Amino acid sequence: MSTQNKILNVLFVSSAAPPKGSPESLQVGKYLKYLIGHPLNIHLVTEKLPKRNFGWRTKEVKYTGVLDLLAQIIKVPVYYHRYFHALVNRISPRVLPRLDNEFMFTFGTRRVQAELAELPDIIYSRSTPFSSAALALKLKKKYRVPWVMHLSDPWVMSPFFSEKGSVLKYHQNMEEECFKHADKITLTSAEQIKVYKERYPGYQSKFQWFPNVFDDEEVVTGQPYLSSSISFLHTGNFYGPGRSPYPLLKALESISNDKPEFLNNVSFLFAGFHEPSIDKLLSSYKSVGVKHLGVHNLQEIYVLQKQSAVLMVIDWQLTRSQAMFLLSKTVDYMAARKPILAITTPGSTLYKLIQGVYGQCFAHDDIEGISNYIVNLINQLRNPATSQESYEVNQDYSAAYQAQRLYKLLAGTAKVNLKASSK
């Protein structure tokens, strides 16, 4: 069988995909957008969205046009409904093991078999949710073709993984089974790769780096736009322990106490879903220019980023060995080419990317450092003559570049298998 100029049939498995509005879905959209320029027939297996949304679930139109250019879309129902999950949650995990809220996605094997128009040459999956990897594992065993598994976040090794007993054992077994059968394993940071190389020393040759990416068409060219007012912007959701705007707010309070008029005509904007406790916290700092803008679609977020003077990212408060995440908003910030104020663990994945290149990073308890940096930025912005030139973005985080790398990985991994099968 000749592999030259072959158009590869790729079975792309991800419960998170357009038009879902989650960060992982947007990453999938960006990769798909730039993969379709390569000789690939992409058959996407994803979640069938419910007719009604609830909670923090949103839909985004930004990358829906990309779906029309795929060879096929297979939609697996996951019955994501509050009453369904209320019932499921009453069943012990020992009776009904489940990886995450999308665990019904793992039962999609028969649907894929029934609807798949062409046999795959290779499988590519993206998790989280980890149910995407579990379904890809089943399809790998069914079709016996190579499988490239991408983990956007660590699985059992995540500092946020808190399961114990039989549930922990279930996840450990699933992770190990996936790592065993995946031909290549891609992760979003060098720190994550290091952790997993130590956990699975026998699989070291499988690991490769594929980061979160920005859309090349969204990179601001020339001098970035600045409005007459000064605004600092944070986009994204606040949920769960470890991530809070509290350090930033305490820094603003310190500035206001020291220089009561200094923050006049300066705004600190927050866009996204927040837990009620966060909204309550933000509302108590309105006097220093803090405002929650609510939830916006992606195109509106891009406009806000381009119009703001400074972009803010607040990482989880973790130890250095645990701080191996790169929030996807960070690479979008890079594309806006504005100074970035990051609150993160010194030495974290985020710190290594941002510090001294795209902005400055501060520990969560470094209130004085955050305050001083904000004061310096505002002074610069009020005196354009002292403003610094905009930085150039790192093309390692370009969706076009990483999609090209991914195509080469898929083609190379499939080629080995196709050659073997032709003998």
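Provided above is the structure to which this section pertains.
Since the structure is predicted, the reported quantities are computational estimates derived from the model, not experimental observations.

**With respect to the pairing of strand β12 (residues 340-343)**
So, step 1. Alternating positions in β12 separate into two faces, I340 and A342 on one and L341 and I343 on the other, with burial throughout.
So, step 2. The pairing of strand β11 (residues 310-314) with β12 spans four bridges and is parallel. Paired with M312 across the strands is L341, a residue of β12.
So, step 3. Since β11 and β12 lie parallel, the crossover through helix α11 (residues 329-336) that links them has a hand, and here it is right-handed.

**Details of the packing of aromatic side chains**
So, step 1. The full count for this structure, using the stated rule, is 16 aromatic pairs.
So, step 2. Plain terms: the ring middles of F179 and F207 are 6.1 Å apart, the flat faces sit at 55° to each other, and that makes the pair tilted. With F179 in helix α6 (residues 165-181) and F207 in strand β7 (residues 207-209), this residue pair connects regions lying 28 residues apart in the sequence. With respect to burial, F179 and F207 carry one shared label: buried.
So, step 3. Their ring planes at 55° and their centres at 5.5 Å tell us that W316 and F325 sit as a pair that is tilted. The burial state of W316 is the same as that of F325; both residues are buried.
So, step 4. The ring of Y203 carries K206 above its face, with NZ or CZ at 4.3 Å from the centroid.
So, step 5. Against the face of W316 rests R243, its NZ or CZ located 5.2 Å from the ring centre.

**What to know about the environment of S152**
So, step 1. Locating S152 in the fold gives a position in the loop between β5 (147-151) and α6.
So, step 2. With 37 residues separating them along the chain, S152 and S189 place their C-alpha atoms 8.9 Å apart.
So, step 3. Excluding residues that lie within four positions of it along the chain, S152 makes contacts with E24, R126, S127, T128, T188 and Q192.
So, step 4. Only 3.4 Å separates the side chain of S152 from the side chain of H150, close enough to count as a polar contact.

**Some thoughts on the pattern of salt bridges**
So, step 1. Counted according to the given criterion, the structure contains 16 salt bridges.
So, step 2. The partner of E218 in a salt bridge is K306, and the shortest N-O contact between them spans 3.3 Å. Pair noted here: E218 is in the loop between β7 and β8 (230-235) and K306 is in helix α10 (residues 298-307), with a separation of 88 residues, a long-range link.
So, step 3. Since its relative accessible area comes to 10%, E218 is described here as buried.

**What about the nonpolar core?**
So, step 1. By size, the foremost hydrophobic cluster in this structure holds 38 residues, and its most contacted members are L11, V13, V45, W147, M149 and W155.
So, step 2. For this core, the elements supplying multiple residues, two or more each, are β1 (8-13), β3 (72-77), α5 (131-143), β5, α6, β6 (184-187) and α7 (190-199).
So, step 3. Sorting elements by how many residues they give to this core places α5 first, with seven residues.
So, step 4. One finds V310, I343, Y373 and L377 within the second-largest nonpolar core, a separate group that totals 32 residues.

**Re the packing of α5 against α6**
So, step 1. Packing of α5 against α6 brings their axes to within 10 Å, and their N-to-C directions diverge by 45°. It follows from the interaxial angle that α5 and α6 lie oblique. Crossing handedness for the pair α5 and α6: left-handed. Packed against α5, whose contacting residues are A133, A134, L137, K140 and K141, the element α6 presents M174, E177, C178 and H181 at the interface.
So, step 2. Grouping the constituent residues of the contact of α5 with α6 by class yields five nonpolar, one polar and three charged.

**Overview of the pairing of β1**
So, step 1. Across the six residues that make up β1, a large majority, six, are buried.
So, step 2. Here β1 pairs with strand β2 (residues 40-48) via six bridges, running parallel. Directly across from F12, in β2, lies its bridge partner L44.
So, step 3. Viewed along the sheet, the connection from β1 through helix α1 (residues 23-35) into β2 turns out right-handed.

**Some points on a positive patch on the surface**
So, step 1. Together, K48, K51, K59 and K75 give the surface a local cluster of positive charge.
So, step 2. By secondary structure assignment, the location of K59 is in the loop between β2 and α2 (64-67).
So, step 3. Judged by relative accessible area, which is 44%, K59 ranks as partly exposed.

**Remarks on the sheet that holds β5**
So, step 1. As summarised here, the arrangement of the seven strands in space is β3-β2-β1-β4-β5-β6-β7, forming an open sheet in which the pairing is parallel. Two strands bound the open sheet, and with one partner strand each, they are β3 and β7. For this sheet, the mean inter-axis angle between neighbouring strands, taken without regard to orientation, is 20°.
So, step 2. Pairing geometry for β2 and β3, over six bridges, is parallel. Counterpart to E47 in the pairing with β3 is V76.
So, step 3. Sitting on the sheet, α6 is in contact with β5, β6 and β7, with an inclination near 135° to β5.
So, step 4. The sheet contacts of α7 involve β5, β6 and β7, and relative to β7 the element is tilted by about 170°.

**Things to note about unusual backbone geometry**
So, step 1. The omega torsion of the bond from P18 to P19 falls at 10°, within 30 degrees of zero and hence cis.
So, step 2. In this model, T128 is joined to P129 through a cis peptide bond whose omega is -10°.
So, step 3. Summarising the element assignment, P129 is placed in the loop between β4 (122-127) and α5.
So, step 4. For N265, which is not a glycine, the phi torsion comes out positive at approximately 65°.
So, step 5. Position of N265 among the secondary structure elements: in the loop between α8 (246-258) and β9 (266-271).
So, step 6. Residue N265 is classed as exposed on the basis of its relative accessible area of 71%.
So, step 7. For R337, which is not a glycine, the phi torsion comes out positive at approximately 60°.
So, step 8. Relative to the elements of secondary structure, R337 occurs in the loop between α11 and β12.

Conventions we followed
- Residues numbered from 1 in each chain as written.
- Predicted model: local features only at pLDDT ≥ 70, side-chain atom pairs only at ≥ 80, totals over all residues.
- Heavy atoms only, no water.
- Buried < 20%, exposed > 50% of the residue type's maximum accessible area, 1.4 Å probe, protein only.
- Helix = DSSP H or I, 4+ residues; strand = E, 2+ residues; numbered from the N terminus.
- Pairing = 2+ DSSP bridges.
- Right-handed = clockwise from strand over helix to strand, strands pointing away.
- Phe/Tyr/Trp six-rings, centres within 6.5 Å; stacked < 30°, edge-to-face > 60°.
- Lys NZ or Arg CZ within 6 Å of the ring centre and 35° of its normal.
- Contact = heavy atoms within 4.5 Å.
- Polar contact = N/O pair within 3.5 Å; in protein donor to acceptor, adjacent residues only side chain to side chain.
- Salt bridge = Lys/Arg side-chain N within 4 Å of Asp/Glu carboxyl O.
- Core = buried A, V, L, I, M, F, W, Y, C linked by side-chain atoms within 4.5 Å.
- Axes fitted to C-alpha atoms, helices over the stretch in contact; angles between N-to-C directions.
- Parallel < 35°, antiparallel > 145°, perpendicular 65-115°, else oblique.
- Left-handed = near helix turned anticlockwise from the far one by under 90°.
- Nonpolar A, V, L, I, M, F, W, Y, C, P; charged D, E, K, R; others polar.
- Patch = residues over 30% accessible without salt bridge, like charges linked within 9 Å, V, L, I, M, F, W, Y side chains within 5 Å.
- Areas by Shrake-Rupley, 256 points an atom, 1.4 Å probe, with all protein chains shown as cover.
- Lys, Arg positive; Asp, Glu negative; His and termini not counted.
- Charge placed at Lys NZ, Arg CZ, Asp CG, Glu CD.

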